[in-house]
Structure formats: C-alpha cells, structure tokens
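# Understanding the architecture of this molecule
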Amino acid sequence: MRTQVGIIGAGPAGLLLSHLLHLEGIESVVIESRSRVEIEATIRAGVLEQGTMDLLSKCGLGERMRREGALHRGFELAFEGGRHRIDLTELTGHAITVYAQHEVIKDLVAARVAAGSEPVFSVSDTSLDGLESERPSIRYTCDGEEHVLECDHIVGCDGFHGPSRAAIPEHLRSEYQRIYPFGWFGILVEAPPSSEELIYARHDRGFALISTRSPGVQRMYFQCDPSGSVENWSDDRIWSELHARVEAKDGWKLTEGKIFQKNIVGMRSFVCSTMRHGKLFLAGDAAHIVPPTGAKGMNLAVNDVRILSEAFKLLYATGSEAKLDAYPDDALKRVWRAEHFSWWMTSMLHRFDDATPFQQQLQVAELKYVASSRAASTALAENYVGMLAS
Ligand code: PHB
C-alpha cells in the first residue's frame, strides 16, 4: 500500500489533517489503534477558540458545531467568596464555543467516511521505518494481518503515549516537562446549567470548574489527588466538595443532578520541540501537552495541522519544502504561548499543598489584579480566545 501522507492517530489532529489534505487533493491514510466507537465516546475537554471555529467552518465542518455548541462571550473567576466576569468579547472582540472534543471527532470521521476515506481502526503493533530515507513506511497489524504503508511523509498524531515520538532517537529529542502534584476529577451530570457561563474557582480546598455540554448535560471538575480512585468518591462527597469550592457569598447555588460519568485525569505540561525528524512530523499531543486549565489542548492540535496542511499544499504544488522546514518553529510559537498561559492559569487557580501562606496571598493578589485591571483581564482574555499576534 502507498499513500502521500501516512497519519498515525485518529484524534482531532490526525482526522482534521486528513480532511484538509483531501480538500487540497492530497491523499492520506489514517490508522488508529482504538475502534471508531471508542474514539467517538472518549470524554475529553471541549473549548474551541475563535480560530478553531473559523477553520472548522471554512472546511465545511462547522454546521453541527454552530447548531449544538454553545457560544460563550465571557466566563467567571470565583475566589474569596466573590465572582468576577471576564468579558471576552468586550475585551477582545472574540468568543469561544463549548463543543465537546468527541463531537468534533464524530463530525470529522463522518467527513472522512463521506469522502470514501475511512480511517483504519483497531490496528496494533504500529511501528515506523525509514524515517531518514526517501521511503518512510508504517507497519501495523489489522485483523490479524500485517500491513506496510509506504508514504512520502508520516505525521504522528498519536498522542502522548503513541509510537511516533518514541521513533525519534532519544538523544535527538529536546523535551521539556512539568508534572503537577494534582489531577482533575471530572463528572458528567444530568442537570440544567447552573450558570450561563463557565466558572473557574480558586478555593482553599482546591480548584473547581463548572462547564457545560448541552442544555441537559453539565460538565464539572474539581482538583483531586491524581493517584486517587473514582470509587473513593461517592456522589455526596463530590457534591459537598463542589458546593464548598464554587459557591460565592451572593447566594448563588450549584444545581445538582444525576452523575453518570466520573474520571480522574493527571496534569502535565510537556513540549517535545523536535517536531520533525527526517520524514516524520509530530502534531498535537504527540508533541505537546498542556494542563486543561487554559482549555488549549485541542486548539493547539488544530493549529499544528493547519500549518502542516499548508506546508504539504506548497510541497505538492511546487516541490518546495520551505514550509515543511519552517513547521516546527511556526508551530512552537503558539505552543509555547499556550504552555505559558496554561501553566499560569493552573498556578493561579490551584491549591499547592506545599505553598506557604505568603505564596497563597500572592495567588489571591494576582487574581484580584486580573479581575480589576483592564490590562490584566485583556491579557487573560486574548490568550483564552486565542487571538494573538504571531
Ligand atoms: C470542559 O468543558 O471540558 C472544559 C472547559 C474548560 C476548560 C477545561 C475543560 O478549561
């Protein structure tokens, strides 16, 4: 088997890249270790920046997102018993859409299937060969049969634990990492929204976030021990923690409902700045991870493949590798901005068990400044909506 661009991983990065290449008449094959059912059901975050919304709309994938996603023009910061609105639209002219990542995936898979280019699901034993040669290839097993896919180039969109990054010799990789000493406990709840906008709360007991999925389903998170287990968290214990952390002095109350999903995610910041090795390019979580506090993960993946698709377009139109050569530097500008923003939001809003009282007061002072200074809230808002000069 042969294709122009071999793509490992059917997450937002891999599927969107395949779709963008298809629109330019460039052939690709996507392989994925999980099944279609699994990737369409995996619960992840769900904030789309303006630029992500615009790109999805431009490439014909925005219809359901605009209909079912919720446009948010602001969010709230809750701390010290008060709530403070960050008016994204007034401060930046832009907004964000809350639309779950697995819904984006469903739209992308449907588009690939409609184009007659369904990803190859449930593959195993994936390995990459000949990355520094003219004939790179991907080897994988599907339905018990071994396949070799020869490619002009390979793009690794296979997440943090996938084989692509690991195929770059370790001594050639530059990696940067910070692991946080806490995780997020996430729940999905059958309930009406408690708030029209997202609430990011800092509390002495730890961080909490009230988000949404639809008029009848809400998404909520609270900071927890990352090595804990969901079995240790009864519904009552979850609600009492959330009430304690998000309710302000103004009498507003969080609406409870039936919890139908619970999960714990660890938090890390990670960058592999070696985003190219010979004929292999890394995109999305394969190259970088952000903690979810800044809501940047999927948006960074989308930005990577936007740049890559333009680079492949130039290559196949003119033979020029100029944009492919520039890809790591181009992508890393936004990656490092988002790394800093996500680290900053995380640091400002979470409880650090080893923080001294002095450090705790600094956190509160920073939040008060962000909430009261137009310059500081604009800095937060322009990072959040992702409309940055580059
Ligand atoms: C979510 O709705 O899943 C969500 C929203 C905002 C975040 C992270 C996750 O910062």
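Since the structure is predicted, the reported quantities are computational estimates derived from the model, not experimental observations. (Residues numbered from 1 in each chain as written. Predicted model: local features only at pLDDT ≥ 70, side-chain atom pairs only at ≥ 80, totals over all residues. Heavy atoms only, no water.)

Time to look at the side chain of Asp-158. Counting through the fold element by element, Asp-158 comes out in the loop between β10 (145-156) and α7 (163-166). In this structure the side chain of Asp-158 is engaged in a polar contact, spanning 2.7 Å, whose partner is the side chain of Ser-164. Excluding residues that lie within four positions of it along the chain, Asp-158 makes contacts with Ile-8, Gly-9, Pro-163, Ser-164 and Ala-286. (Helix = DSSP H or I, 4+ residues; strand = E, 2+ residues; numbered from the N terminus. Polar contact = N/O pair within 3.5 Å; in protein donor to acceptor, adjacent residues only side chain to side chain. Contact = heavy atoms within 4.5 Å.)

Moving on to the pairing of strand β13 (residues 208-214). Along β13, six of the seven residues are buried, which leaves the element largely enclosed by surrounding structure. Summarising the sheet, strand β12 (residues 199-201) and β13 pair through three bridges and their orientation is antiparallel. When the sheet's bridge partners are listed, Tyr-200 is paired in β13 with Leu-209. Sheet topology note: the β13/strand β14 (residues 217-224) ladder contains six bridges and is antiparallel. (Buried < 20%, exposed > 50% of the residue type's maximum accessible area, 1.4 Å probe, protein only. Pairing = 2+ DSSP bridges.)

A separate point is the sheet that holds strand β11 (residues 175-190). Pairing is mixed in the open sheet, where eight strands are placed in the order β6-β5-β12-β13-β14-β11-β15-β18. Strands at the two margins of the open sheet, each flanked by one partner only, are β6 (82-87) and β18 (288-289). The sheet strands contacting helix α10 (residues 322-349) are β5 (74-79), β11, β12, β15 (258-272) and β18, and the helix crosses β15 at an angle near 125°. Seen against the sheet, helix α11 (residues 357-372) touches β5 and β6 and runs at an angle of roughly 145° to β5. (Axes fitted to C-alpha atoms, helices over the stretch in contact; angles between N-to-C directions.)

Phi at Glu-80 takes a positive value of approximately 50°, unusual for a residue other than glycine. One can find Glu-80 in the loop between β5 and β6. A positive phi angle, near 50°, is found at Asp-125, a position not held by glycine. Within the secondary structure layout, Asp-125 lies in strand β8 (residues 124-129).

Now for the domain arrangement of the protein. As assigned here, the protein comprises domain 1 (2-72 + 95-177 + 268-345) and domain 2 (180-266 + 351-385). One C-alpha centre belongs to domain 1, the other to domain 2, and the line joining them spans 29 Å. Contacts between the two partners involve 25 residues from domain 1 and, on the opposite side, 21 residues from domain 2. With both chains or domains summed, domain 1 and domain 2 bury close to 1900 Å², and 64% of this area falls on carbon and sulfur atoms. Area buried by domain 1 at its contact with domain 2 is led by Ile-43, His-72 and Trp-344, which between them contribute 28% of it. Where domain 1 touches domain 2, the interface holds zero salt bridges. In this assembly, domain 1 and domain 2 are joined by six residue pairs in polar contact (both at pLDDT 80 or more). Taken together, the elements giving at least two residues each to the side of domain 1 that touches domain 2 come down to β7 (96-98), β15 and α10. Classifying every residue of the side of domain 1 that touches domain 2 by side-chain character gives 14 nonpolar, six polar and five charged. (Domains from an automatic or database assignment. Buried area = accessible area lost by both parts, 1.4 Å probe. Salt bridge = Lys/Arg side-chain N within 4 Å of Asp/Glu carboxyl O. Nonpolar A, V, L, I, M, F, W, Y, C, P; charged D, E, K, R; others polar.)

In this section: empty space enclosed by the protein. Applying the stated criterion to the full structure yields four cavities of 30 Å³ or more. Roughly 120 Å³ of volume is contained in the largest cavity. Around the largest cavity sit 14 residues that line it, and Ala-45, Gly-46, Val-47, Leu-209 and Tyr-221 are the ones nearest its centre. Listed by contribution, the elements that provide at least two residues to the lining of the largest cavity are β13 and β14. Of the residues forming the lining of the largest cavity, the biggest block, three residues, is contributed by β13. There are two domains that each give the lining of the largest cavity at least three residues, and those are domain 1 (2-72 + 95-177 + 268-345) and domain 2 (180-266 + 351-385). By volume, the second largest cavity is sized at about 60 Å³. (1 Å grid on protein atoms, 1.4 Å probe; cavity = no way out; pocket = protein on both sides within 12 Å on 5 of 7 lines; lining within 4 Å. Points joined across faces, edges and corners; volume = space filled by probe spheres on them.)

Time to look at helix α12 (residues 374-385). Helix length check: α12, at 12 residues, gives a terminal C-alpha distance of 16 Å against a target of 16 Å (1.5 Å per residue), a fit within 8%. By the N-cap criterion, in which a side-chain oxygen at the helix start approaches the backbone nitrogen of a residue two or three places on, α12 is capped by Ser-373, the distance to Ala-375 being 3.2 Å. Of the residues one or two after α12, Gly-386 is the one with positive phi, at around 80°. (Expected span 1.5 Å × (residues − 1).)

We now examine the pattern of salt bridges. For side chains of opposite charge, pairing can occur when their charged atoms come near one another. Within the structure shown, the criterion is met by 34 salt bridges. The partner of Arg-334 in a salt bridge is Glu-49, with the nearest N and O atoms 3.3 Å apart. Here Arg-334 is found in helix α10, whereas its partner Glu-49 is found in the loop between β3 (47-48) and α3 (50-58), with 285 residues between them in sequence. You can call Arg-334 partly exposed: its relative accessible area is 23%. We classify Glu-49 as buried; its relative accessible area is 5%.

Below, the discussion takes up the sheet that holds β7. Pairing in this open sheet of three strands is antiparallel, and the strands run β3-β7-β4 from one edge to the other. Two strands close off the open sheet at either side, each with one partner strand: β3 and β4 (70-72). Judged from the three bridges that link them, β4 and β7 form a sheet pairing that is antiparallel. Following the sheet pairing, Ala-70 is matched in β7 by Val-98.

Okay, the site of the ligand next. Not every one of the 14 residues close to the ligand is listed here, only the nearest: Tyr-200, Ser-211, Arg-213, Tyr-221 and Pro-292. Take Ser-211: an N or O atom from its side chain is 2.6 Å from an oxygen atom of the ligand. Within the backbone of Thr-293, a nitrogen or oxygen atom sits 3.4 Å from an oxygen atom of the ligand. For the ligand, whose free accessible area comes to 280 Å², the fraction covered by protein is 100%. With respect to the detected pockets, the ligand is housed in the largest cavity. When residues of the shell around the ligand are assigned to their parent elements, the largest contribution, three residues, is made by β13. Looking at the shell around the ligand residue by residue, the class counts come to nine nonpolar, three polar and two charged. Taken domain by domain, the shell around the ligand gets at least three of its residues from each of domain 1 (2-72 + 95-177 + 268-345) and domain 2 (180-266 + 351-385). (Near = heavy atom within 4 Å. Areas by Shrake-Rupley, 256 points an atom, 1.4 Å probe, with all protein chains shown as cover. Sits in = over half its atoms within 2 Å of the grid points.)

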